[in-house]
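Take a look at the letters that make up each chain.
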Amino acid sequence: MKLTVLGATGGIGRHLVALALADGHHVTAAVRDPARLPVHHDRLTVVRADALDSASLEPVIEGADAVLSGIGQAGRTDPLKPASTSARAAATAMTAVGVRRILVVSAAPLNRSGAGQPLLAAKVFGPLLWAALREVYTDLEAMERVLRESDLDWTAVRPPRLTNRPGRGHYRHAVESGPAGSTVPRADVARAMLDLVTDPASFRHAVGVSS
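Per chain, residue numbering runs from 1 following the sequence as it is written. Local features in this predicted model are restricted to residues whose pLDDT is 70 or higher, and side-chain atom pairs enter the listing and the counts only when it is 80 or higher, whereas totals over whole chains, interfaces and linings include all residues. The side-chain quantities take in all heavy atoms of the structure and omit both hydrogens and water.

Chemist: Just to check I follow, could you spell out the sheet that holds strand β5 (residues 101-105) for this structure?
Modeler: Two orientations exist for strands paired in a sheet by backbone hydrogen bonds: parallel and antiparallel. At least two DSSP bridges between two strands are needed for those strands to be called paired. The numbering of helices and of strands both runs from the N terminus, where a helix is a DSSP run of H or I of at least 4 residues and a strand a run of E of at least 2. The eight strands lie next to each other as β3-β2-β1-β4-β5-β6-β10-β8, forming an open sheet whose pairing is mixed. For this open sheet the edge positions go to β3 (44-48) and β8 (172-175), each flanked by a neighbour on one side alone. Averaged over all pairs of adjacent strands, the angle between their axes in this sheet comes to 20°, without regard to strand direction. By the bridge criterion, four bridges tie strand β1 (residues 2-6) to strand β4 (residues 66-69) in an arrangement that is parallel. When the sheet's bridge partners are listed, L3 is paired in β4 with A66. We call two residues in contact whenever any of their non-hydrogen atoms come within 4.5 Å of each other. Orientation is described by axes fitted as lines to C-alpha atoms, over the contacting stretch for helices, and by angles from 0 to 180 degrees between their N-to-C directions. Here helix α2 (residues 54-61) sits on the sheet and contacts β1, β2 (26-31), β3 and β4; the angle it forms with β1, its principal contact strand, is near 150°.

Chemist: Please explain the side chain of S150 as it appears in this structure.
Modeler: Position of S150 relative to the elements: it lies in the loop between α5 (134-148) and β6 (153-158). In this structure the side chain of S150 is engaged in a polar contact, spanning 2.7 Å, whose partner is the backbone oxygen of L147. Two N or O atoms form a polar contact when they lie within 3.5 Å of each other; inside protein one atom must be a possible hydrogen donor and the other a possible acceptor, and for residues adjacent in sequence the pair counts only when both atoms belong to side chains.

Chemist: Whenever I open this one, helix α6 (residues 186-196) confuses me. Can you help?
Modeler: Side chains of residues three or four places apart in an α-helix project in the same direction, reflecting 3.6 residues per turn. The buried fraction of α6 is high, at nine of 11 residues. Exposed residues in this analysis have more than 50% of their type's maximum accessible area, buried residues have under 20%, and partly exposed residues fall in between, with area computed by a 1.4 Å probe over protein chains only. For α6, the full list of buried residues reads A187, D188, V189, A190, R191, A192, M193, L194 and L196.

Chemist: Help me understand the pairing of β6, please; the structure alone is not making it clear to me.
Modeler: Burial of β6 is extensive: six of the six residues sit out of reach of the surface. Neither face of β6 is exposed, since D153, T155 and V157 on one face and W154, A156 and R158 on the opposite face are all buried. Strand direction decides the pairing type here: β5 and β6, joined by five bridges, are parallel. Bridge pairing in β6 places L103 opposite T155. Pairing analysis gives four bridges linking β6 to strand β10 (residues 205-210), with the strands arranged parallel. Counted as the bridge partner of R158 is G208 from β10.

Chemist: Can you walk me through the nonpolar core in this structure?
Modeler: As a rule of thumb, nonpolar side chains are buried together in soluble globular proteins. Among buried residues, the Ala, Val, Leu, Ile, Met, Phe, Trp, Tyr and Cys ones that are joined through side-chain atoms within 4.5 Å form a nonpolar core. In this structure, L57, I61, M94, I102 and L140 are the most contacted members of the largest nonpolar core, which totals 32 residues. Counting residues per element, the ones that place at least two in this core are α2, α3 (82-97), β5, α5 and β6. In terms of residue count, α3 provides more of this core than any other element does, seven residues in total. Apart from the residues within four sequence positions on either side, L140 is in contact with A83, V105, S106, A107 and L110.

Below, the structure is given as structure tokens:
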């Protein structure tokens, strides 16, 4: 496939690029600073683009089979609201160039019903995390709302606490439920996103992913 990766220099974005290339896909990596992605491959094109601006995204999305975004806030506060702003820009650009499939990274605490999650995570840790990271999760909720209100074939992957452990190459996932576990390596989130690209059961749904 031809894949466009947004946030390609981030923790999950780098894994998306590496795993997509290993799978044999052609990858266009949209980055603000190409020097931060020192990867060279005959199936990789690195393009300077602003993921928060639809006009900047149109040329890097055109012709893609799918867009995968690892964009989110780097800290507890970010006036740019990068998750929702980038989703809005991507949706506008995708509509303009006729691309329909997009996968984004969200977060487990957005599963407000607690379906599929351990009781402690749903009733104790979830509310605590919302109290501590409300601005982050509010931005992610806005991102998911942008996608739900679009006509795109979207998937929001909702992991629990992310780690930098080596990926195991497998994971648990549940549509509109979970995640069942409390942690997941960033590499396995990327693996899940790539696996879900062609899974119609995940279209227009949030998917819980964990180890």
